[in-house]
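Report on the structure
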Amino acid sequence: MPINYYIFLSLALFAIGIVGVLIRRNAIIVFMCIEIMLNAANLLLVAFSKMHHLQQAATQASAGTDGQIFVFFIMVVAAAEVSVGLAIIVMMFRNVHSIDINFLNRLKH
Amino acid sequence: MSITQILFWFLSVLALFSALMVITSKNPVYSVLWLILVFFAISGHYLLLNAQFLAIVNIIVYAGAIMVLFLFVIMLMNLNKSNEPQKNKWLKLAAALAGGCLLLVLVAALKNAETKSAIAESGTGDIGLIGNLGKALFNDYVVPFEISSILFLSAMVGAVVLGKKEASSHPSGEEA
Amino acid sequence: MQNVLQIVWLVPFFPLIGFLIVGLFRKQLSKTLTAIIGCGMVLLPFLLSIWIFILVKNGGGYVADYFNFISAGSLKVSFALQVDALSALFLLIVTGVSFIIHVYSTTYMKEETKEHYGRFFSYMNLFVFSMILLVMGANFIIMFIGWEGVGLCSYLLIGYWFKNKEYNKAADKAFIFNRIGDLGFLIALFWIISKAGSVSFEDVFSKTSVFSSSDITIITLLLFVGATGKSAQIPLYTWLPDAMAGPTPVSALIHAATMVTAGVYMIARSNALYSLAPVTENIIAIVGLATAILAATIALKQNDIKKVLAYSTVSQLGYMFLALGVGAYSTGVFHVMTHAFFKALLFLAAGSVIHAMGGEQDIRKMGGLKGKMKITYLTFLFGCIAISGIPPFSGFFSKDAILLAAFEHNKILYAIALFGALLTAFYMFRLLFLAFNGSFRGTEEQQHHLHESPAGMTIPLIILAILAFAGGFVGIPEILMKGGDKLTEFLSPVIPVHSVELVSHSTEMMLMVISTVLVLLVIVFAWYRFRKYHSVEEKGIGKFLENKWYVDELYEKVIANPVNRFAAFLNKFIEKSLIDGIVNGVGRLVNYGSRQVRLLQSGQVGNYVLLMVLSMLLIFVIQFFLRK
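Here we summarise the structure given alongside this text. Nothing here was measured: the structure is a model prediction, and the numbers come from that model.

Along the backbone of chain B there are 6 helices and 0 strands. The linear arrangement of helices and strands in chain B, starting from the amino end, is α-α-α-α-α-α. Taking all 176 residues of chain B together, 38% fall into the buried category. Taking the intrachain contacts of chain B between residues at least 6 apart in sequence as the baseline, contacts between residues at least 24 apart amount to 57%. When the accessible area of chain B is evaluated, it comes to approximately 9,900 Å², of which 72% is carbon and sulfur surface.

Shown next, in the form of structure tokens:
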């Protein structure tokens, strides 16, 4: 499949993630949407890695490895982020008995 | 239409539909389940792109670990009933419009990108195998790898600190 | 001599120091100390001036160049002081008369509070400083600094009693009229710079060939405009009589020693230019004469003792300008000197009278002061005789020299000038007789209060009376004494002598006799008319004169009112609606805008994300589509 298709697929997933962040007030759903966006980026990285590999394979056998390594690191960061984020949500729920992000309006002060 | 193409379209549609379901489901538990489906679809794409290692890791880490964590939290807090207050209708519309516009703009901007036919071909390239990735990871990327372990450690410490019950002398917890 | 003259900067320096000390520590210094410093800082320059005068008399002039004052492109203006015959003479007059006035003031102003006493003396010192700078400056710029300085000081001193609104108005008037003149001076200055590329007197006067004849005419006319402002000539003379608002010593200072003589000095200094501009000279002569006659006629009917003296000053200044206009520069300077003596004397004597009368200035309420105030009467009489021009008093020599110069120039000028001289004698003796002769017309209380002034005031009067008597002996005409005209000789390095005798000795003699006899007749007539006072309602021409030819009203109607109305228009429409509208509008807009923008800062995470997305959208649009 041409690279364009992957680009459009990723963009669509990313846009869905953004819309999700914007329209939902549940903090956990918002988190999930962020995961969708991260995965859209991952998918694109892998697709580009493959494209790169196909172009450079003749001269360099390991071309395109970097992209996949990056995806790996993004997963690492996402896992860390989720653990901290969920901890925050738990604590927020413990304090205000809600996970509505509109309660997080202390930023005004 | 070859089998790869059929799979591509099938997985794409599955991913998009599941993603849409994630953001539209009233019940968070359903959202989580739909999200797992999104991850499976993306893993399928990884396989099509000869990134076998990542496909497996994606399922193990995301679908296995992270999503379970989400489910735990939801169940723990008993949030599975759909009592989420809805946002203002106009605000929702504006949000959807903004997201749509962003998509439109990006698609319009990138529609003329260079086309390389048939990058999703199974059997071409072996960089996605664990042996190759492992060599790259532990030769060229060993320092970032170790740093990421420190990141995990700090994330863990953070999660523990946040999750601990507050001492009663510090009633306001949001600042933590 | 040059090395010795390096220290001439001390001359202006002392009054400046006096000004600073007295002005800054006016709350700390006692009155006695203030008086000592105030007078001392004028006495020292006076002594220096005598020394300088002697040096200059023995030969030559000198320019002391201290530092580069302005340096712009090819124009270099140095801070330089000049000592030559003209400035030495003026220094002597300025510092000498100022010193006497300062001494007089220590007594006259005794009733002021400590702070105001200090303020008064600091202004007076600043005044003397400015005037010294004016006469010592070696270029037009330094002169202009002094020129502006005396304008400022006159403003400060006229408005000395600043709680009185009328006095403040008088101060404003003096300042504004001076500004009009200063503008002329300033434009002339620019003109000189653009043509000659230098402002130092030495350069400008030695290179008169760089000016075309029309340049010279315009420059001299503009300088003359400056002089009319400072020296109270038509049309800018009305500020001077109003300047009577200040304390009497101030009037004496302004009228005799400083300020009003600045214009005469400036023109005498620039004689090299003026002698090349016959048109300007004629204009000066005519303006001077017209001023002399106009002011003299007004003085005839004034009832305020200081007003009469003020108009007499304007009139005498007119004579000086007449002398300058007919090319007799040294004669003009001579009259400045004698006038400084007798006008200071008259003002200080008037101050003594006012002091005795408890502030009363109306001569209709005086009379018969002769008996109670012997010294004041005698000195005032000396002043009157001197100003009227009766030999051998100083006024005779200088005035007669002017009349003679006018006669040489044009017989009609002479006739009118002689008429003016007779008017002078008439109004001065009217003043004398009304104030000192006859019977007292004031209140009982004032009569009881009448007394001779203390020694601190009478001694300066006596000194000035001697000067008013003897001051003319430096300029005795040739026909009366061979080599008697020492002044012209002294000034000859600065003001070239034109020694062409146009008038025979017998004619000159005859003219002197005629004027003396006529003046004596007029005095007798004045005595006959005013030895007994009877109040009459002025009407017809008398009323016209009493109201000063309605010149103030004319200015009010023709200039002040339209300007005021225009200013009111600007204030109402341009300022209030347009400028204020814009300014306030900007303020209100920002205020309103901030209030709206503040709503964005809701603290809702969702809103922030939405804005973030929109911004991203914007950036992408710009990045991909607009940046081509």
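Let's pick the thread back up.
Counting from both sides, the interface comprises 77 residues of chain A and, opposite them, 88 residues of chain B. For the pair chain A and chain B, the two sides together bury roughly 7,400 Å², of which 76% comes from carbon and sulfur. Summed over the shared surface of chain A and chain B, the number is 0 salt bridges. Inspection of the region where chain A meets chain B yields 5 residue pairs in polar contact (both at pLDDT 80 or more). Of all the elements in the fold, those that place two or more residues in the side of chain A that touches chain B are α1 (3–23), α2 (27–56) and α3 (65–96) of chain A. Residue classes in the side of chain A that touches chain B are distributed as 55 nonpolar, 14 polar and 8 charged.

Right, let's talk about the packing of helix α16 (residues 374–388) of chain C against helix α18 (residues 411–436) of chain C for a bit. All names here are of chain C. Closest axis-to-axis distance for the α16/α18 pair is 9 Å, and the angle between their directions is 170°. What the angle tells us is that α16 and α18 run roughly antiparallel. Between α16 and α18, the contacting residues are Thr-376, Tyr-377, Phe-380, Leu-381, Cys-384, Ile-385, Ile-387 and Ser-388 on the first element and Thr-424, Ala-425, Met-428, Phe-429, Leu-431, Leu-432 and Phe-436 on the second. A per-class count over the contact of α16 with α18 returns 12 nonpolar, 3 polar and no charged.

This paragraph deals with the pattern of salt bridges. Residues and elements named next belong to chain C. Evaluation of the coordinates by the stated rule reveals 7 salt bridges over all chains. Between Asp-84 and Arg-269 there is a salt bridge, with its nearest N and O atoms 2.7 Å apart. Pair noted here: Asp-84 is in the loop between β2 (75–83) and α3 (85–108) and Arg-269 is in helix α11 (residues 261–269), with a separation of 185 residues, a long-range link. The pair Asp-84 / Arg-269 is uniform in exposure class, with both members buried. Residues participating in the shared-partner salt-bridge network are Glu-148, Arg-179, Asp-182 and Lys-230.

Right, let's get into the packing of aromatic side chains. All names here are of chain C. Applying the stated criterion across every chain yields a total of 45 aromatic pairs over all chains. Here the aromatic rings of Phe-144 and Phe-185 are separated by 5.2 Å at their centres, their planes lie at 50°, and the arrangement is tilted. Here the residue Phe-144 occupies a position in helix α5 (residues 140–158), and Phe-185 occupies one in helix α6 (residues 165–196), the gap between them amounting to 41 residues. In terms of burial, Phe-144 and Phe-185 fall into one category: buried. Here Phe-426 and Phe-525 contribute two aromatic rings whose centre-to-centre distance is 5.6 Å and whose plane-to-plane angle is 25°, an arrangement assigned as stacked. You can see Phe-426 sitting in helix α18 and its partner Phe-525 sitting in helix α22 (residues 505–530), a full 99 residues away along the chain.

The next thing to look at is the layout of surface pockets. Residue and element names in this part refer to chain C. There is about 1,200 Å³ of room inside the largest pocket. In terms of lining residues, the largest pocket is bounded by 39 residues, among which Glu-166, Lys-169, Ala-170, Asp-242 and Ala-245 are the most central. The dominant element in the lining of the largest pocket, judged by the number of residues it contributes, is α6, at 9 residues. Each residue belonging to the lining of the largest pocket can be placed in one class, and the counts come to 19 nonpolar, 8 polar and 12 charged. Here the lining of the largest pocket spans two domains, since at least three of its residues come from each of domain 1 (4–359 + 376–546) and domain 2 (554–626). Residue lining of the second largest pocket: 40 residues in total, with Phe-53, Asp-84, Ala-85, Leu-89 and Phe-490 positioned closest to the centre.

What follows covers the nonpolar core. If you look at the biggest cluster of nonpolar residues, it comprises 194 residues, and the most contacted ones within it are Phe-140 and Trp-239 of chain C. What Trp-239 of chain C contacts, discounting residues up to four positions off in sequence, is Lys-173, Ala-174, Phe-177, Asn-178, Gly-229, Lys-230, Ala-232, Ile-254, Met-259 and Val-260 of chain C. Counting 83 residues, the second-largest nonpolar core is a separate cluster that includes Met-37 of chain A together with Ala-55, Ile-74 and Ala-98 of chain B.

Rules behind the numbers
- Residues numbered from 1 in each chain as written.
- Chains lettered and ligands numbered in written order.
- Predicted model: local features only at pLDDT ≥ 70, side-chain atom pairs only at ≥ 80, totals over all residues.
- Heavy atoms only, no water.
- Helix = DSSP H or I, 4+ residues; strand = E, 2+ residues; numbered from the N terminus.
- Buried < 20%, exposed > 50% of the residue type's maximum accessible area, 1.4 Å probe, protein only.
- Contact = heavy atoms within 4.5 Å.
- Areas by Shrake-Rupley, 256 points an atom, 1.4 Å probe, with all protein chains shown as cover.
- Buried area = accessible area lost by both parts, 1.4 Å probe.
- Salt bridge = Lys/Arg side-chain N within 4 Å of Asp/Glu carboxyl O.
- Polar contact = N/O pair within 3.5 Å; in protein donor to acceptor, adjacent residues only side chain to side chain.
- Nonpolar A, V, L, I, M, F, W, Y, C, P; charged D, E, K, R; others polar.
- Axes fitted to C-alpha atoms, helices over the stretch in contact; angles between N-to-C directions.
- Parallel < 35°, antiparallel > 145°, perpendicular 65-115°, else oblique.
- Phe/Tyr/Trp six-rings, centres within 6.5 Å; stacked < 30°, edge-to-face > 60°.
- 1 Å grid on protein atoms, 1.4 Å probe; cavity = no way out; pocket = protein on both sides within 12 Å on 5 of 7 lines; lining within 4 Å.
- Points joined across faces, edges and corners; volume = space filled by probe spheres on them.
- Domains from an automatic or database assignment.
- Core = buried A, V, L, I, M, F, W, Y, C linked by side-chain atoms within 4.5 Å.

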